[in-house]
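The lines below spell out each chain.
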Amino acid sequence: MSEDVLVSARGLEVHFPVGGGGFRRAPAGVLRAVDGVDLDVLRGETLGLVGESGCGKSTLGNALLRLVPPTGGTVTFDGTDVTALDRRGLKEMRRRAGMVFQDPFASLDPRRTVAQTVSEPLEVHGLRSGKRERAARVGELLELVGLDPAVAGRYPHEFSGGQRQRVGIARALAGEPDFLVCDEAIASLDVSVQAQVLNLLRRLQRQLGLTLLFISHDLSAVRHISDRIAVMYLGRVVEVGPAAAVGSAPEMPYTQALLSAVPLPHPAQERARQRIVLTGDVPSPSAVPSGCRFRTRCPYVFEPCDDVDPALQPAGAPGQLAACHLHGVVGTPVTATPEGVTADP
Amino acid sequence: MTAGEPVLEVEDLRVRLRTPRGPADVVNGLSYTVGAGETVAVVGESGSGKSVSVLALLGLLPARVATVTGRALLQGEDLLTMAPDRLRQVRGAGAGMVFQDPMTSLNPVLTIGRQLVEGIRAHGDVSKADARSRAAELLREVGLPDPEGALDRYPHELSGGMRQRVVIAIALSNSPSLLIADEATTALDVTVQAQIIDLIEGLQDEHGTGVIWITHDLGVVAGIADRVLVMYGGRCVEDGTVDDVLERPAHPYTRGLLGSLPDLAAPVGPDGEVPELTAIPGLPPPPTDLPQGCVFWPRCPVRADPRCETEQPPLAVVSRAPAGGPAGATASGAYTGDGAGLPHRAATWCTEGVDGGSRG
């Protein structure tokens, strides 16, 4: 990997206790939302993180910013260990890492004006002293995201979904971050508005030299905006590589199935297409299959898949990594079955 | 597939809703037909009136706020003037409906079995035991593992994809001639969406059901539809065969919609650069205040005709079916059974330079 890594996760785990509750105090099991993720986000790139609902992609995004505490592994941000930061260090880290959320209706305070929302990070981080300078900066930020600075005095309900998402982006940019995490930032928008926001994010990324982590279930959108793509399945990154390679010649059977399930707006191509239709559902993250976690749905499953947990290994294009035994059996043999992992799902 | 009588004929459907901001014209003169075994996709963004148009068909809009006019013949019977008792019989037996969210369209406190049996017994004199075995058979048909056991489970015990299968089983329990799927796969993951689409297509082939597929996802449309109807501002702005509409879009809105779509199959430049999306600026018009001329005029990048602003363009034929196919369509665009030969129509003044030019 290149020297210029901004954010890096090694063996990152976020496990939640589940069940129990009520009068039984002890948790009944472990939900392995993020379960041993190795991932580097390079400075100045857009990394797309795709996966289906429940695969842990949002939890991973949150864990990178320590919005949820990791239960294992490490995260480094620009060389410093995020898990070991004190309050002051964490505050500075969060200035340098912004977040855009999925639902622009829920992520803005309905009782605060756009100006109040966008200027809060300026106040918190002491970036502009004086009301007038903050107001000027809010105007700049709104202009940057394509809104008229004159709307600063308005409330969120006066805006459409797309405009609210722009306000959310302006707020995330207020701290002059290096790193921006967009968690399903276009999922709740209409198609024509999605395109506006995608174009905006791409422009901002270039203009400001941002490093972007674009989390989405929409492979087409991820393919469009990303330099590299990471694919998650059941708490683990199972494939990562250049967008062109992962988006057109994936090496991991799950990515292949995911890609073949994405509907294309071309009738002739759609009719000619051979879909890989996976059987069954994603196993529960509180009962992860032992060995390869995709083996219960994989069309190519063979002997080592049951008892060797595959590690990411080079496959396909330069810089492309896949966690699959088809490229050679590499990984950790399964000896004991930890809690939340089932040997025979 | 059996050609012939259309299952559903909708003519000049209009829906006006009473809202605090004044009357909203949500659907403005929609006409289409659905043949047996045919899939018609109704495409549009939120607020385009696509869901309201089908809710109106089945009388599911509250009468206090909605005024529905026009004609909608389901196998010859007008749904809009039907007596409430008859309409109750038709819902389910004549037309089944699958809604977007399988979490909310099932009753959480009743078992899957009870919800299926209720539908089966409401439309026929069936004993409880027979209805139960029919229910298990339906669940098997939609691909639920362990159908017998699933009858005694509650909705929360099933995954989203499995719940949607149950909803489809309920919709199909009385072998309706028409199935309306309103954003039926939108809440599902793509791999599950592929399973559900396969399932509905298989069942459709088997039973010759006509399907209205409402969606905002043009990718899904390309895979399943025979015919596409693009809605904007409560009007049909373009319709035709799926190939015509998606590969040779004539209306600037349809072209904008397709241009806004990140495309996995799009060619990549030599530097690995994916071209910028051509987003449509602005927002759809509110149904309480529709533009006087072309509904798309306020956002349209073309505006090539002086009439755009002031005069509403009619839905006119932009091109006949390619030579070779018999002109099987009548002037009103009625479906004649073979899918080919349908006119490609668009409601726009700006069709020049479109005909024949396919998008990249």
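Residue numbers restart at each chain and count upward from 1, following the sequence in its written direction. Both sets of labels track the order of writing: A upward for chains, 1 upward for ligands. Restriction of local features to residues with pLDDT of at least 70 applies here, the model being predicted, together with a cutoff of 80 or more for giving and counting side-chain atom pairs; totals for whole chains, interfaces and linings are based on all residues.

So, the overall build of chain A
- For helices the rule is a DSSP run of H or I covering at least 4 residues; for strands it is a run of E covering at least 2, with both sets numbered from the N terminus onward. What chain A contains, in helices and strands, is 10 helices and 16 strands.
- The quantity called the radius of gyration is restricted to C-alpha atoms. Its globule counterpart is 2.2 Å times the number of residues to the power 0.38. Here chain A has a C-alpha radius of gyration of 21 Å; the compact-globule value for 345 residues is 20 Å, and the two agree.
- Each principal axis of the C-alpha atoms in chain A carries an extent, and together these give about 70 × 55 × 45 Å.
- Looking at chain A residue by residue over its 345 residues, the buried ones come to 50%. Note on burial: count the other C-beta atoms lying within 10 Å of the residue's C-beta; 20 or more is buried, 12 or fewer is exposed, in between is partly exposed, and C-beta positions come from the backbone.

Considerations on the confidence of the model for chain A
- pLDDT: the predictor's confidence for each residue, scored from 0 to 100. Summary statistics for chain A give a mean pLDDT of 90 and a share of 96% for residues scoring 70 or more.
- Between the elements of chain A, mean pLDDT differs from a low of 78, seen in strand β16 (residues 341-342) of chain A, to a high of 97, seen in strand β3 (residues 46-50) of chain A.

Digging into the sheet that holds strand β2 (residues 22-35) of chain B
- Strand order in the open sheet made by the 4 strands is β2-β1-β4-β5 (chain B), with antiparallel pairing throughout. Pairing within the sheet leaves two strands with one partner each, and these edge strands are β2 and β5 (77-78) of chain B. By this definition, two strands are paired if DSSP reports at least two bridges between them.

What to know about the pairing of strand β8 (residues 211-216) of chain A
Residue and element names in this part refer to chain A.
- The element β8 is extensively covered by neighbouring structure, given that 6 of its 6 residues are classed as buried.
- Both faces of β8 are covered, namely the face carrying T211, L213 and I215 and the face carrying L212, F214 and S216.
- Of the strand pairs in this sheet, β3 and β8 are connected by 5 bridges, and their pairing is parallel. Considered in β8, the bridge of G48 is made with F214.
- As paired elements, strand β7 (residues 179-183) and β8 share 5 bridges and run parallel to each other. Bridged to V181 within β8 is L213.
- Consider the strands pointing away from the viewer: the crossover is right-handed when the path from the first strand over the helix to the second runs clockwise. Handedness of the crossover joining β7 and β8 through helix α6 (residues 191-208) is recorded here as right-handed.

Quick look at helix α6 (residues 160-172) of chain B
Residue and element names in this part refer to chain B.
- The end-to-end C-alpha distance of α6 is 18 Å, a good match for the 18 Å that 13 residues give at a rise of 1.5 Å each.
- Extensive coverage of α6 is indicated by the burial of 12 of its 13 residues.
- Every buried residue of α6 is listed here: G161, M162, R163, Q164, R165, V166, V167, I168, A169, I170, A171 and L172.
- In this structure, the buried side of α6 is in contact with β6 (95-98), α3 (112-122), α4 (128-141), β7 (178-182) and α7 (190-207). Multiplying one less than the number of residues by 1.5 Å gives the expected span of a helix. Think of it this way: build a C-beta for each residue from its backbone, and any pair within 7 Å is a contact.

Observations concerning the domain arrangement of chain B
All names here are of chain B.
- By convention here, the domain bounds are inherited from an automatic or database domain assignment. Looking at the assigned domains, one finds that chain B contains domain 1 (6-94 + 174-346) and domain 2 (109-173).
- With centres defined by C-alpha atoms, the gap from domain 1 to domain 2 works out at 30 Å.
- Between domain 1 and domain 2, the residue contacts involve 16 residues of the former and 13 residues of the latter.
- Elements with a minimum of two residues in the side of domain 1 that touches domain 2: α2 (84-93) and α7.
- Of the residues forming the side of domain 1 that touches domain 2, the biggest block, 6 residues, is contributed by α7.
- Just so you know the grouping, Ala, Val, Leu, Ile, Met, Phe, Trp, Tyr, Cys and Pro go in nonpolar, Asp, Glu, Lys and Arg go in charged, and all remaining residues, Gly too, go in polar. Residues that form the side of domain 1 that touches domain 2 fall into these classes: 11 nonpolar, 5 polar and no charged.

Considering the packing of helix α3 (residues 114-124) of chain A against helix α4 (residues 131-144) of chain A
Residues and elements named next belong to chain A.
- Between the N-to-C directions of two axes lies an angle of 0 to 180 degrees, each axis being a line fitted to C-alpha atoms and, for a helix, fitted only over the stretch in contact. At a minimum axis separation of 9 Å, α3 and α4 run at an interaxial angle of 110°. As summarised for this structure, α3 and α4 are arranged roughly perpendicular, according to the angle between their axes. For α3 against α4, the interelement crossing comes out right-handed. Across the interface between the two elements, A115, V118, S119 and L122 of α3 pack against R134, A135, R137, V138, L141 and L142 of α4.
- Among the residues forming the contact of α3 with α4, the class breakdown is 7 nonpolar, 1 polar and 2 charged. Roughly parallel refers to an angle under 35 degrees, roughly antiparallel to one over 145, roughly perpendicular to one between 65 and 115, and oblique to any angle outside these ranges. In this scheme the handedness of a crossing depends on how the near helix is turned from the far one: anticlockwise by less than a right angle means left-handed, clockwise means right-handed.

Topic: the interface of chain A and chain B
- In this assembly, 35 residues from chain A lie in contact with 39 residues from chain B.
- Looking at the side of chain A that touches chain B, the elements with two or more residues in it are α6, α7 (219-225), α8 (243-248), α9 (253-261) and α10 (267-272) of chain A.
- Top element by residues in the side of chain A that touches chain B is α6(A). It accounts for 7 residues.
- Residues of the side of chain A that touches chain B, tallied by class, amount to 17 nonpolar, 12 polar and 6 charged.

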